Amino acid sequence: LVGGEEFIAVAILSQGQALALCEQVRQAAEYAHRHQPVACTVSAGIVSSLISEASPLALSLLTDQADSALYQAKRQGRNSICVYRVSTYLSREVTE
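What you are looking at is a predicted structure, and each value in this text was computed from that prediction instead of being measured.

The rules we used
Residues numbered from 1 in each chain as written. Predicted model: local features only at pLDDT ≥ 70, side-chain atom pairs only at ≥ 80, totals over all residues. Heavy atoms only, no water. Patch = residues over 30% accessible without salt bridge, like charges linked within 9 Å, V, L, I, M, F, W, Y side chains within 5 Å. Areas by Shrake-Rupley, 256 points an atom, 1.4 Å probe, with all protein chains shown as cover. Salt bridge = Lys/Arg side-chain N within 4 Å of Asp/Glu carboxyl O. Helix = DSSP H or I, 4+ residues; strand = E, 2+ residues; numbered from the N terminus. Buried < 20%, exposed > 50% of the residue type's maximum accessible area, 1.4 Å probe, protein only. Phe/Tyr/Trp six-rings, centres within 6.5 Å; stacked < 30°, edge-to-face > 60°. Lys NZ or Arg CZ within 6 Å of the ring centre and 35° of its normal. Polar contact = N/O pair within 3.5 Å; in protein donor to acceptor, adjacent residues only side chain to side chain. Expected span 1.5 Å × (residues − 1).

Asker: Would you mind going over a nonpolar patch on the surface in detail, with residue names and values included?
Answerer: Together, L13, L21 and V25 line one region of the surface with nonpolar side chains, adding up to about 240 Å² of accessible area. Position of L21 relative to the elements: it lies in helix α1 (residues 15–32).

In structure tokens form, the structure reads like this:
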């Protein structure tokens, strides 16, 4: 396996919109690489919050939670999207 890139995107979206956007990105990457000898997968971790003030502590916590959801998606076999929840993960596994 070749390692990938990680990045953070901050957007004003509902959780549903964030899931839909991540799914579009995942599908686009898969489609763009469909004829390549090496598969391209996208795993995403989503966290949503209502923050009235963007304090460094709050942003750090959200980053940690998104990272946790990302690694849960990777543990599920990659090419999936997970939403961070305080006590559980909501997963959207991709099947072909």
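Having put the structure on the table, let's press on.
Asker: Give a description of the pattern of salt bridges that names residues and reports values.
Answerer: In total, this model carries two salt bridges according to the counting rule given. The shortest N-O distance in the salt bridge between R26 and E23 comes to 2.9 Å. Taken together, the residues span about one helical turn, with R26 and E23 both in helix α1 at a distance of three residues. With respect to class, R26 is no different from E23; both count as buried. Here R26 makes a salt bridge to E30, at a shortest N to O gap of 3.4 Å. With R26 and E30 both in helix α1 and four residues apart, the pair spans about one turn of that helix. Taking the relative accessible area as the measure of exposure, E30 reaches 24% and is therefore partly exposed. Salt bridges here are not isolated pairs; linked through shared partners, they connect E23, R26 and E30.

Asker: Could you give an account of the packing of aromatic side chains, naming the residues involved and the relevant values?
Answerer: Both the distance between ring centres and the angle between the ring planes are used here to describe each pair of aromatic rings. This structure, assessed with the given rule, holds zero aromatic pairs. Sitting over the face of the ring of Y31, R34 holds its NZ or CZ atom 3.7 Å from the ring centroid.

Asker: So, the environment of Q27: which residues are in play, and what are the values?
Answerer: Along the chain, Q27 turns up in helix α1. Sequence-wise, Q27 and T41 are 14 residues apart; in three dimensions their C-alpha atoms are separated by 8.8 Å. Within the structure, the side chain of Q27 is placed 2.7 Å from the side chain of E23, a separation counted as a polar contact.

Asker: Pulling in residues and values, what's your account of helix α2 (residues 56–75)?
Answerer: An ideal rise of 1.5 Å per residue puts 28 Å on 20 residues; α2 measures up with 28 Å between its terminal C-alpha atoms. In the stretch just after α2, G77 is the one whose phi turns positive, near 110 degrees.

As far as function goes, none of this settles anything; it's purely spatial.
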